[in-house]
Amino acid sequence: MSSGQQRNGSTRPSEETLQWVREVVGRGSIITSVRLMSVDSTVLHAIDVMGPTGVIHHLALRRFHREDRLRNDPWYVPANEATVLGLLGSTDVPAPRLLGADITPTMCDMPALLTTRIPGVPPRASDDPAVLAGLAETLTTIHHVDLPVVKALPPYRPYYDPQLDGARRPPAWSRKPMLWERVFSILAAGPPVATMGFIHRDYHPGQTLWQDGRLVGVVDWTTGCQGPRGIDLARMRLNLAGRYGADVADRFLSIYRAAGGLDGHHPYWDLLDAADGLLDQREPTTPERWAEYVRFEDWVERTVAFLSR
(Lines give C-alpha, C1' and ligand atoms only; values in the text may rest on other atoms or scores of the structure.)
Protein backbone atom coordinates (compact mmCIF):
# COMPACT_ATOMS: atom_id res chain seq x y z
CA MET A 1 0.00 0.00 0.00
CA SER A 2 1.21 3.49 -0.74
CA SER A 3 2.28 5.47 2.33
CA GLY A 4 0.00 8.37 1.40
CA GLN A 5 -3.18 6.34 1.24
CA GLN A 6 -5.87 7.29 3.72
CA ARG A 7 -6.54 4.41 6.10
CA ASN A 8 -10.30 4.79 5.84
CA GLY A 9 -10.07 3.72 2.21
CA SER A 10 -12.22 6.59 0.98
CA THR A 11 -9.73 7.85 -1.62
CA ARG A 12 -10.11 7.23 -5.30
CA PRO A 13 -8.53 3.97 -6.46
CA SER A 14 -4.90 4.39 -7.47
CA GLU A 15 -3.96 4.64 -11.13
CA GLU A 16 -2.39 1.17 -10.85
CA THR A 17 -5.70 -0.18 -9.56
CA LEU A 18 -7.63 1.40 -12.42
CA GLN A 19 -5.10 0.00 -14.87
CA TRP A 20 -5.77 -3.45 -13.42
CA VAL A 21 -9.50 -2.89 -13.97
CA ARG A 22 -8.86 -1.98 -17.61
CA GLU A 23 -6.72 -5.06 -18.14
CA VAL A 24 -9.36 -7.34 -16.60
CA VAL A 25 -11.98 -6.01 -19.02
CA GLY A 26 -9.60 -6.20 -21.97
CA ARG A 27 -6.60 -4.39 -23.43
CA GLY A 28 -7.65 -1.07 -24.89
CA SER A 29 -10.56 -0.59 -22.47
CA ILE A 30 -11.42 2.92 -21.32
CA ILE A 31 -12.80 3.84 -17.90
CA THR A 32 -15.67 6.28 -18.40
CA SER A 33 -16.67 6.89 -14.77
CA VAL A 34 -15.60 6.12 -11.19
CA ARG A 35 -18.09 6.76 -8.39
CA LEU A 36 -17.80 6.07 -4.67
CA MET A 37 -20.77 3.99 -3.50
CA SER A 38 -19.95 3.29 0.15
CA VAL A 39 -17.22 3.05 2.76
CA ASP A 40 -17.88 0.52 5.49
CA SER A 41 -16.08 -2.75 6.10
CA THR A 42 -14.91 -2.37 2.51
CA VAL A 43 -14.74 0.59 0.15
CA LEU A 44 -16.98 0.15 -2.87
CA HIS A 45 -16.77 2.03 -6.16
CA ALA A 46 -19.05 1.87 -9.18
CA ILE A 47 -16.88 1.81 -12.30
CA ASP A 48 -18.10 1.99 -15.89
CA VAL A 49 -15.69 0.68 -18.50
CA MET A 50 -15.98 0.77 -22.28
CA GLY A 51 -14.48 -2.47 -23.53
CA PRO A 52 -12.43 -2.96 -26.71
CA THR A 53 -15.59 -3.59 -28.75
CA GLY A 54 -17.34 -0.45 -27.48
CA VAL A 55 -19.61 -2.24 -25.00
CA ILE A 56 -20.08 -0.44 -21.65
CA HIS A 57 -19.51 -2.69 -18.63
CA HIS A 58 -21.11 -1.64 -15.32
CA LEU A 59 -18.77 -2.96 -12.64
CA ALA A 60 -18.17 -2.83 -8.89
CA LEU A 61 -14.70 -2.55 -7.36
CA ARG A 62 -14.64 -3.80 -3.77
CA ARG A 63 -11.46 -3.01 -1.84
CA PHE A 64 -10.61 -4.40 1.59
CA HIS A 65 -9.14 -1.39 3.41
CA ARG A 66 -9.26 -2.54 7.04
CA GLU A 67 -5.66 -3.55 7.74
CA ASP A 68 -6.47 -4.58 11.32
CA ARG A 69 -9.18 -6.97 10.15
CA LEU A 70 -7.04 -8.35 7.35
CA ARG A 71 -4.54 -9.34 10.03
CA ASN A 72 -6.89 -10.66 12.70
CA ASP A 73 -10.43 -11.32 11.47
CA PRO A 74 -11.00 -14.86 10.13
CA TRP A 75 -14.18 -13.65 8.37
CA TYR A 76 -12.55 -10.71 6.59
CA VAL A 77 -10.75 -12.69 3.91
CA PRO A 78 -11.08 -11.41 0.32
CA ALA A 79 -9.84 -14.75 -1.02
CA ASN A 80 -12.83 -16.48 0.54
CA GLU A 81 -15.29 -14.09 -1.08
CA ALA A 82 -13.54 -14.61 -4.42
CA THR A 83 -13.92 -18.38 -4.00
CA VAL A 84 -17.60 -18.08 -3.10
CA LEU A 85 -18.41 -15.79 -6.03
CA GLY A 86 -16.54 -18.12 -8.36
CA LEU A 87 -18.68 -21.03 -7.17
CA LEU A 88 -21.93 -19.11 -7.47
CA GLY A 89 -21.23 -18.15 -11.07
CA SER A 90 -22.64 -21.50 -12.23
CA THR A 91 -25.77 -21.37 -10.02
CA ASP A 92 -29.10 -19.55 -9.99
CA VAL A 93 -28.15 -17.50 -6.93
CA PRO A 94 -28.41 -13.79 -7.88
CA ALA A 95 -24.89 -12.87 -6.77
CA PRO A 96 -22.40 -10.57 -8.52
CA ARG A 97 -20.22 -12.37 -11.05
CA LEU A 98 -16.53 -12.33 -10.26
CA LEU A 99 -14.38 -10.88 -13.05
CA GLY A 100 -11.04 -10.45 -11.30
CA ALA A 101 -9.32 -10.72 -7.93
CA ASP A 102 -6.06 -9.13 -6.80
CA ILE A 103 -5.74 -10.62 -3.34
CA THR A 104 -2.04 -10.21 -2.50
CA PRO A 105 -2.24 -7.49 -3.98
CA THR A 106 0.18 -7.17 -6.90
CA MET A 107 -1.27 -4.22 -8.85
CA CYS A 108 -3.98 -2.73 -6.67
CA ASP A 109 -3.46 -0.40 -3.72
CA MET A 110 -5.17 -2.92 -1.41
CA PRO A 111 -6.80 -6.37 -1.80
CA ALA A 112 -9.54 -5.97 -4.39
CA LEU A 113 -12.33 -7.81 -6.17
CA LEU A 114 -13.87 -6.72 -9.47
CA THR A 115 -17.41 -7.92 -10.13
CA THR A 116 -20.46 -7.15 -12.18
CA ARG A 117 -22.60 -4.41 -10.63
CA ILE A 118 -26.13 -5.38 -9.72
CA PRO A 119 -28.65 -2.52 -9.87
CA GLY A 120 -31.12 -1.88 -7.10
CA VAL A 121 -31.34 -0.88 -3.44
CA PRO A 122 -32.15 -2.67 -0.16
CA PRO A 123 -35.88 -2.94 0.63
CA ARG A 124 -37.51 -0.11 2.56
CA ALA A 125 -40.08 -2.25 4.33
CA SER A 126 -38.91 -5.81 4.91
CA ASP A 127 -42.23 -6.78 6.51
CA ASP A 128 -44.01 -6.31 3.18
CA PRO A 129 -45.40 -9.73 2.15
CA ALA A 130 -43.79 -9.54 -1.30
CA VAL A 131 -40.42 -8.68 0.25
CA LEU A 132 -40.65 -11.51 2.79
CA ALA A 133 -41.47 -13.90 -0.05
CA GLY A 134 -38.48 -12.73 -2.09
CA LEU A 135 -36.14 -13.02 0.88
CA ALA A 136 -37.36 -16.51 1.76
CA GLU A 137 -37.40 -17.86 -1.79
CA THR A 138 -33.90 -16.57 -2.49
CA LEU A 139 -32.57 -18.15 0.70
CA THR A 140 -34.09 -21.42 -0.47
CA THR A 141 -32.07 -21.08 -3.70
CA ILE A 142 -28.91 -20.41 -1.71
CA HIS A 143 -29.44 -23.44 0.51
CA HIS A 144 -29.93 -25.70 -2.50
CA VAL A 145 -26.42 -24.94 -3.79
CA ASP A 146 -24.78 -28.35 -3.81
CA LEU A 147 -21.34 -28.28 -5.38
CA PRO A 148 -18.54 -30.65 -4.33
CA VAL A 149 -16.06 -27.79 -4.29
CA VAL A 150 -18.11 -26.01 -1.62
CA LYS A 151 -16.21 -28.30 0.74
CA ALA A 152 -13.17 -26.10 0.07
CA LEU A 153 -14.86 -23.27 1.98
CA PRO A 154 -14.13 -22.73 5.68
CA PRO A 155 -16.40 -24.34 8.28
CA TYR A 156 -18.80 -22.18 10.25
CA ARG A 157 -17.84 -21.06 13.73
CA PRO A 158 -19.42 -18.44 15.98
CA TYR A 159 -18.16 -14.88 15.91
CA TYR A 160 -17.62 -15.13 19.66
CA ASP A 161 -14.15 -16.39 20.55
CA PRO A 162 -13.60 -16.97 24.29
CA GLN A 163 -9.85 -16.49 23.92
CA LEU A 164 -10.34 -13.02 22.43
CA ASP A 165 -13.65 -11.94 23.94
CA GLY A 166 -13.45 -13.44 27.42
CA ALA A 167 -16.36 -14.97 29.27
CA ARG A 168 -19.82 -14.26 27.92
CA ARG A 169 -21.58 -11.54 29.96
CA PRO A 170 -25.04 -9.97 29.82
CA PRO A 171 -24.84 -6.61 28.02
CA ALA A 172 -24.69 -3.54 30.23
CA TRP A 173 -27.84 -2.15 28.63
CA SER A 174 -29.91 -5.28 29.32
CA ARG A 175 -32.95 -5.07 31.57
CA LYS A 176 -33.02 -8.86 31.84
CA PRO A 177 -29.49 -10.03 32.77
CA MET A 178 -30.77 -13.36 34.13
CA LEU A 179 -32.26 -14.09 30.72
CA TRP A 180 -28.80 -13.86 29.16
CA GLU A 181 -27.32 -16.11 31.83
CA ARG A 182 -29.92 -18.69 30.81
CA VAL A 183 -28.98 -18.21 27.14
CA PHE A 184 -25.29 -18.74 27.90
CA SER A 185 -26.12 -21.90 29.84
CA ILE A 186 -28.08 -23.29 26.88
CA LEU A 187 -25.22 -22.51 24.50
CA ALA A 188 -22.67 -24.13 26.80
CA ALA A 189 -24.58 -27.40 26.50
CA GLY A 190 -23.61 -27.58 22.82
CA PRO A 191 -25.44 -27.43 19.48
CA PRO A 192 -28.04 -29.87 18.18
CA VAL A 193 -27.22 -32.23 15.35
CA ALA A 194 -27.41 -30.21 12.15
CA THR A 195 -27.11 -30.92 8.45
CA MET A 196 -24.32 -28.79 7.07
CA GLY A 197 -24.56 -27.00 3.74
CA PHE A 198 -23.67 -23.82 1.92
CA ILE A 199 -24.71 -20.69 3.83
CA HIS A 200 -24.32 -16.95 3.33
CA ARG A 201 -23.76 -16.57 7.08
CA ASP A 202 -24.85 -12.91 7.23
CA TYR A 203 -28.15 -13.02 5.34
CA HIS A 204 -30.42 -10.10 6.21
CA PRO A 205 -32.47 -7.53 4.23
CA GLY A 206 -29.56 -5.09 3.98
CA GLN A 207 -27.57 -7.64 1.98
CA THR A 208 -30.21 -7.78 -0.76
CA LEU A 209 -30.85 -5.49 -3.72
CA TRP A 210 -34.30 -4.84 -5.18
CA GLN A 211 -35.50 -3.33 -8.43
CA ASP A 212 -39.10 -2.92 -9.61
CA GLY A 213 -40.36 -4.93 -6.66
CA ARG A 214 -38.08 -7.92 -7.29
CA LEU A 215 -35.02 -9.19 -5.46
CA VAL A 216 -32.25 -8.96 -8.05
CA GLY A 217 -29.10 -9.45 -6.00
CA VAL A 218 -27.48 -10.75 -2.83
CA VAL A 219 -24.17 -9.16 -1.89
CA ASP A 220 -21.36 -9.34 0.68
CA TRP A 221 -20.28 -12.97 0.49
CA THR A 222 -17.12 -12.67 2.59
CA THR A 223 -18.59 -14.93 5.27
CA GLY A 224 -19.88 -17.63 2.90
CA CYS A 225 -19.02 -21.02 4.34
CA GLN A 226 -20.14 -24.55 5.19
CA GLY A 227 -22.43 -24.42 8.14
CA PRO A 228 -25.83 -25.08 9.73
CA ARG A 229 -28.57 -23.61 7.57
CA GLY A 230 -30.28 -22.57 10.78
CA ILE A 231 -27.73 -19.77 11.13
CA ASP A 232 -28.98 -18.09 7.93
CA LEU A 233 -32.54 -18.43 9.20
CA ALA A 234 -31.52 -17.09 12.61
CA ARG A 235 -29.75 -14.02 11.25
CA MET A 236 -32.70 -13.04 9.07
CA ARG A 237 -35.26 -13.75 11.78
CA LEU A 238 -33.28 -11.80 14.38
CA ASN A 239 -33.20 -8.76 12.09
CA LEU A 240 -36.91 -9.00 11.35
CA ALA A 241 -37.85 -9.54 15.01
CA GLY A 242 -35.81 -6.57 16.17
CA ARG A 243 -37.36 -4.26 13.62
CA TYR A 244 -40.91 -5.53 13.30
CA GLY A 245 -41.53 -8.12 16.03
CA ALA A 246 -41.65 -11.90 16.35
CA ASP A 247 -44.73 -12.40 14.16
CA VAL A 248 -42.88 -11.13 11.08
CA ALA A 249 -39.89 -13.36 11.85
CA ASP A 250 -42.20 -16.37 12.11
CA ARG A 251 -43.92 -15.43 8.88
CA PHE A 252 -40.56 -15.45 7.11
CA LEU A 253 -39.84 -18.98 8.36
CA SER A 254 -43.26 -20.21 7.21
CA ILE A 255 -42.69 -18.81 3.72
CA TYR A 256 -39.21 -20.35 3.58
CA ARG A 257 -40.64 -23.77 4.46
CA ALA A 258 -43.47 -23.41 1.94
CA ALA A 259 -40.93 -22.50 -0.75
CA GLY A 260 -39.13 -25.80 -0.25
CA GLY A 261 -36.35 -24.58 2.03
CA LEU A 262 -34.04 -27.19 3.53
CA ASP A 263 -35.35 -26.54 7.00
CA GLY A 264 -32.51 -26.38 9.49
CA HIS A 265 -34.38 -24.24 11.99
CA HIS A 266 -33.74 -24.86 15.68
CA PRO A 267 -34.08 -22.35 18.56
CA TYR A 268 -30.46 -23.03 19.51
CA TRP A 269 -29.23 -21.27 16.37
CA ASP A 270 -31.49 -18.30 17.10
CA LEU A 271 -29.92 -17.96 20.54
CA LEU A 272 -26.38 -18.47 19.29
CA ASP A 273 -26.73 -15.76 16.67
CA ALA A 274 -28.38 -13.43 19.19
CA ALA A 275 -25.51 -13.95 21.65
CA ASP A 276 -22.97 -13.37 18.87
CA GLY A 277 -24.75 -10.13 18.05
CA LEU A 278 -24.01 -8.76 21.52
CA LEU A 279 -20.39 -8.26 20.46
CA ASP A 280 -21.41 -5.32 18.24
CA GLN A 281 -24.26 -3.87 20.29
CA ARG A 282 -23.65 -0.67 22.23
CA GLU A 283 -25.83 1.24 24.68
CA PRO A 284 -28.77 2.60 22.65
CA THR A 285 -28.96 6.40 22.53
CA THR A 286 -32.35 7.06 20.92
CA PRO A 287 -35.92 5.99 21.79
CA GLU A 288 -36.16 4.21 18.44
CA ARG A 289 -33.01 2.24 19.16
CA TRP A 290 -34.19 1.38 22.66
CA ALA A 291 -37.44 0.07 21.22
CA GLU A 292 -35.50 -2.15 18.83
CA TYR A 293 -33.38 -3.51 21.69
CA VAL A 294 -36.53 -4.24 23.72
CA ARG A 295 -37.99 -6.19 20.80
CA PHE A 296 -34.66 -8.00 20.46
CA GLU A 297 -34.70 -9.11 24.12
CA ASP A 298 -38.37 -10.07 23.86
CA TRP A 299 -37.41 -12.24 20.89
CA VAL A 300 -34.65 -13.91 22.91
CA GLU A 301 -36.96 -14.46 25.89
CA ARG A 302 -39.61 -16.00 23.64
CA THR A 303 -37.03 -18.31 22.08
CA VAL A 304 -35.73 -19.47 25.46
CA ALA A 305 -39.28 -20.19 26.58
CA PHE A 306 -39.96 -22.19 23.41
CA LEU A 307 -36.78 -24.24 23.89
CA SER A 308 -37.62 -24.92 27.54
CA ARG A 309 -41.03 -26.45 26.82
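A brief report on the enclosed structure follows. (Residues numbered from 1 in each chain as written. Predicted model: local features only at pLDDT ≥ 70, side-chain atom pairs only at ≥ 80, totals over all residues. Heavy atoms only, no water.)

**Considering the packing of helix α6 (residues 177-188) against helix α9 (residues 267-277)**
How two helices sit against one another is set out by the angle between their axes and by the gap between those axes.
Then step 1. Where α6 meets α9, the axes come as close as 10 Å, and the angle between the chain directions of the two elements is 120°. What the angle tells us is that α6 and α9 run oblique. In this structure, α6 meets α9 at a crossing whose hand is left-handed. Judged by residue contacts, W180, V183, F184, I186 and L187 of α6 engage Y268, L271, L272, A274 and A275 from α9.
Then step 2. Across the contact of α6 with α9, the residue classes tally to ten nonpolar, no polar and no charged. (Axes fitted to C-alpha atoms, helices over the stretch in contact; angles between N-to-C directions. Helix = DSSP H or I, 4+ residues; strand = E, 2+ residues; numbered from the N terminus. Parallel < 35°, antiparallel > 145°, perpendicular 65-115°, else oblique. Left-handed = near helix turned anticlockwise from the far one by under 90°. Contact = heavy atoms within 4.5 Å. Nonpolar A, V, L, I, M, F, W, Y, C, P; charged D, E, K, R; others polar.)

**Here's the deal with the nonpolar core**
Then step 1. Formed by 57 residues in total, the largest nonpolar core has its most connected members in V183, F198, W221, F252 and V300.
Then step 2. When sequence neighbours within four positions are dropped, the list of residues in contact with F198 reads V84, L88, I142, H143, V145, V150, L153, W221 and C225.
Then step 3. V21, V49, A112 and L114 belong to the second largest nonpolar core, which has eleven residues in total. (Core = buried A, V, L, I, M, F, W, Y, C linked by side-chain atoms within 4.5 Å. Buried < 20%, exposed > 50% of the residue type's maximum accessible area, 1.4 Å probe, protein only.)

**Observations concerning the environment of E81**
Then step 1. Locating E81 in the fold gives a position in helix α3 (residues 78-88).
Then step 2. For E81, a relative accessible area of 3% gives the class buried.
Then step 3. As for E81 and L153, which are separated by 72 residues in sequence, their C-alpha atoms are 9.7 Å apart.
Then step 4. Residues contacting E81, with those up to four places away along its chain left out, are R62, F64, L113, D220, W221 and T222.
Then step 5. Polar contacts involving the side chain of E81 include one to the main-chain amide nitrogen of W221, which spans 3.2 Å. (Polar contact = N/O pair within 3.5 Å; in protein donor to acceptor, adjacent residues only side chain to side chain.)

**Looking at the packing of aromatic side chains**
Then step 1. Under the definition given, this model contains seven aromatic pairs.
Then step 2. Relative to F184, the ring of W180 lies with its centre 6.3 Å away and its plane at 35°, an arrangement referred to as tilted. With W180 and F184 both in helix α6 and four residues apart, this pair spans about one turn of that helix. Like F184, W180 is buried.
Then step 3. Geometrically, the ring pair formed by W180 and F296 is tilted, given 5.8 Å between the ring centres and 35° between the ring planes. With W180 in helix α6 and F296 in helix α10 (residues 287-307), this pair connects stretches of sequence that are 116 residues apart.
Then step 4. Assessed through its relative accessible area of 0%, W180 is described here as buried.
Then step 5. Taken together, the ring pairs in this structure connect W173, W180, F184, Y293 and F296 into an aromatic cluster.
Then step 6. Here the guanidinium or amino end of R175 rests over the ring plane of W290, the centre of that ring lying 4.7 Å away. (Phe/Tyr/Trp six-rings, centres within 6.5 Å; stacked < 30°, edge-to-face > 60°. Lys NZ or Arg CZ within 6 Å of the ring centre and 35° of its normal.)

**Structural notes on the side chain of R235**
Then step 1. Mapped onto the secondary structure, R235 falls in helix α7 (residues 229-244).
Then step 2. When residues no more than four places from it in sequence are discounted, the contact partners of R235 are Y159, D202, Y203 and D273.

**Section: the pattern of salt bridges**
Then step 1. Summed over the entire model, instances satisfying the criterion amount to 15 salt bridges.
Then step 2. What emerges from the salt-bridge pattern is a single network uniting R237, D250, D270 and R302. (Salt bridge = Lys/Arg side-chain N within 4 Å of Asp/Glu carboxyl O.)

**A few points about helix α4 (residues 129-143)**
Then step 1. With 15 residues, α4 should reach 21 Å at 1.5 Å per residue; the first-to-last C-alpha distance of 21 Å fits that figure.
Then step 2. Of all 15 residues in α4, eleven are buried; the element is thus mostly enclosed.
Then step 3. Those residues of α4 that fall on the buried side of the exposure criterion are V131, L132, A133, G134, L135, A136, T138, L139, T140, I142 and H143.
Then step 4. Those residues of α4 that are buried are in contact with β6 (196-199), β7 (208-211), β8 (214-218), α7 and α8 (246-258).
Then step 5. The N-capping residue of α4, defined by a side-chain oxygen 2.8 Å from the backbone nitrogen of A130, is D128. (Expected span 1.5 Å × (residues − 1).)

**Digging into the sheet that holds strand β1 (residues 30-39)**
Then step 1. Ordered by their spatial adjacency, five strands build an open sheet running β1-β2-β3-β5-β4, and the pairing between neighbours is antiparallel. Single-partner strands in this sheet number two, and they are β1 and β4 (98-102). The sheet shows a mean angle of 20° between the axes of neighbouring strands, taken without regard to direction.
Then step 2. Two elements, β4 and strand β5 (residues 112-116), share four bridges in a ladder whose sense is antiparallel. By the bridge assignment, D102 is partnered in β5 with A112. (Pairing = 2+ DSSP bridges.)

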